[in-house]
Structures are given as C-alpha cells and as structure tokens.
Amino acid sequence: MSRFQSQRRVQIDNAQATRFDDDETLENVDGDDDDQGRQGSLRLRPSDSDVTEDQELFMGVKVRRKASRYRDYVGDYIDVPSRPYLTKILDKQGDKKVLFADRVLKFTGSGKMKRPILLITDFAIYIVDPDTAALKRRIALAALEKLCLSELSDNFFAMIIPTEYDILMASTRKTEIVTVLVEALKSTSDYELEVVLSNSFEYHAAADLVKEVQFDEVEGP
C-alpha cells in the first residue's frame, strides 16, 4: 500500500492553553507556553515569517526558547531503573544505555494525542505506554532518516522513518531530544542525522496517510 495514498493538513489552534489530555484533539494545542513574544503555532495558513539576525539560532535557523537556552540536560527524567517494566523491555532488546527518557506528547494518525514514554538508547527509540506497561514501538536508530522542526519557537518535531511510518511529537525538552539523536547516530554510525527546519513539512502519520504541517507566527501578550 502506498504511503502517499491520502493527504491531510494538521491544524492546531492556539485559542486554548495546552492541556495534554490523552483524548484531546489537535485543535486545542498551543505552541510554547513558557516564552514571550514570538511563538510557534501550527495553522492552515501559509507562513511568511522570517528569522531576524538578533534572535538566537538553533542549528543555524531555529529560534530558541528562553527556557531552553540555559537548561542543563539530565537525560533520564523518569528514573528508568526504578520502573521494572521499562528495564524489562530494555533487557529483552539488549539495550543498557539510556540516553533520554521522559513523557512526551504524541499525535496519532486520527488526530488524537497520547502521553507515552519516549526512551532513546544508543541503538533504538522506544515508545512505551506507561498505563499498560506495553512497548508500542521500537525503531532502530539506523532507520531514522531525518528530523523535521519549524523555524519558530515551539515544542513540535517529527521523526521521519522511511521504512515504516513517521512520528509527530511535542516536548518541552525537544532541543535535548534532537541533540541526543544527532550525537547518538554520529557516535554509533558516524552518520550525520539531517535536521530540516521549515515552517511547512509533510510526515506520514500512517502507511497510507500523509499529513502536511504548517506553522504560523503569532504575537504573544
């Protein structure tokens, strides 16, 4: 079945503050809630925003959030060793070294939101349901082709996996996640992970569903 069979646009309205409820739909998600001024918000309208020279850049283009500029990276934010179901999953796969662990916001193909645990090791990416203690997905780092982010200040990023289907997520620790993935691939395979910065990109929400994400700049209070 072709991955390009259907195409839809993702719309995220910033009329309400982000609540991260498991069954909340995309229409109620903001951009950043810890920045002032320029914010990133996903909308249907094309974006004509520019990045000015006086703004701090991320990987050459990305506008950094104030909170992320001075944040120390911790890696494991949920204390993986204290959660037997996580250590059991990792042991079964032969993974020992956890580079990152935290709850994230994940968007499903139908537009719902989930709050799984994202684990990154030096070999793979894990998506785990903390409510059922079930491994929902394991992706080898080598299968990750690129990461897609906007040029604005927001928490969204997409992992592009050509051999499977992609993942759209949001996390206040997005910068750390991107850094961990880039460095992990470089150290294990000498491969430079591509990081694409654009206010419009497509991702495959399912094998037969392509969604277009468009970011729009909005003025904060």
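Report on the accompanying structure.

Rules used in this analysis
- Residues numbered from 1 in each chain as written.
- Predicted model: local features only at pLDDT ≥ 70, side-chain atom pairs only at ≥ 80, totals over all residues.
- Heavy atoms only, no water.
- Buried < 20%, exposed > 50% of the residue type's maximum accessible area, 1.4 Å probe, protein only.
- Helix = DSSP H or I, 4+ residues; strand = E, 2+ residues; numbered from the N terminus.
- Arc of directions from axis to C-beta.
- Contact = heavy atoms within 4.5 Å.
- Salt bridge = Lys/Arg side-chain N within 4 Å of Asp/Glu carboxyl O.
- Core = buried A, V, L, I, M, F, W, Y, C linked by side-chain atoms within 4.5 Å.
- Phe/Tyr/Trp six-rings, centres within 6.5 Å; stacked < 30°, edge-to-face > 60°.
- Lys NZ or Arg CZ within 6 Å of the ring centre and 35° of its normal.

**Observations regarding helix α2 (residues 84–93)**
For α2, the set of buried residues is Tyr-85, Leu-86, Ile-89 and Leu-90. Mapping the buried residues of α2 onto a view down its axis gives an arc of 135°, with all of them on the same face. Opposite the buried face of α2, by more than 90 degrees, sit the exposed residues Pro-84, Lys-88 and Lys-92. Elements in contact with the buried residues of α2: β5 (98–103), β8 (117–121), β9 (124–129) and β10 (134–140). Directly after α2, the chain includes Gly-94, whose backbone phi takes a positive value near 80°.

**Some points on the pattern of salt bridges**
The tally for this structure, following the rule as stated, stands at six salt bridges. The salt bridge involving Arg-137 is made with Glu-164; its shortest N-O contact spans 3.1 Å. A residue pair is termed long-range when its members are at least 10 positions apart, and Arg-137 in strand β10 and Glu-164 in the loop between β12 (156–160) and β13 (167–170) qualify at 27 residues. Assessed through its relative accessible area of 30%, Glu-164 is described here as partly exposed.

**Observations regarding the nonpolar core**
Counting residues in each nonpolar core, the largest one holds 27 residues, and the members touching the most others are Leu-118, Leu-144, Met-159 and Leu-181. Residue assignment for this core shows that the elements contributing at least two residues are β8, β9, β11 (146–149), β12, β13, α3 (174–189) and β14 (194–197). Aside from chain neighbours lying at most four places away, what touches Leu-118 is Phe-100, Ala-101, Asp-102, Val-104, Ile-125, Tyr-126, Ile-127, Met-159, Met-169 and Ile-177. Counting 16 residues, the second-largest nonpolar core is a separate cluster that includes Phe-107, Ala-158, Leu-209 and Phe-215.

**Some details on the packing of aromatic side chains**
Per the counting criterion, the structure on display carries four aromatic pairs. Plain terms: the ring middles of Phe-201 and Phe-215 are 5.8 Å apart, the flat faces sit at 40° to each other, and that makes the pair tilted. A residue pair is termed long-range when its members are at least 10 positions apart, and Phe-201 in strand β15 (residues 200–206) and Phe-215 in strand β16 (residues 209–219) qualify at 14 residues. Aromatic ring contacts, followed pair by pair, group Phe-107, Phe-156, Phe-201 and Phe-215 into a single cluster. Over the ring of Tyr-165 we find Arg-137; its NZ or CZ atom is 3.7 Å from the centre of that ring. Directly above the ring of Tyr-77 sits Arg-173, whose terminal nitrogen or CZ lies 3.6 Å from the centroid.

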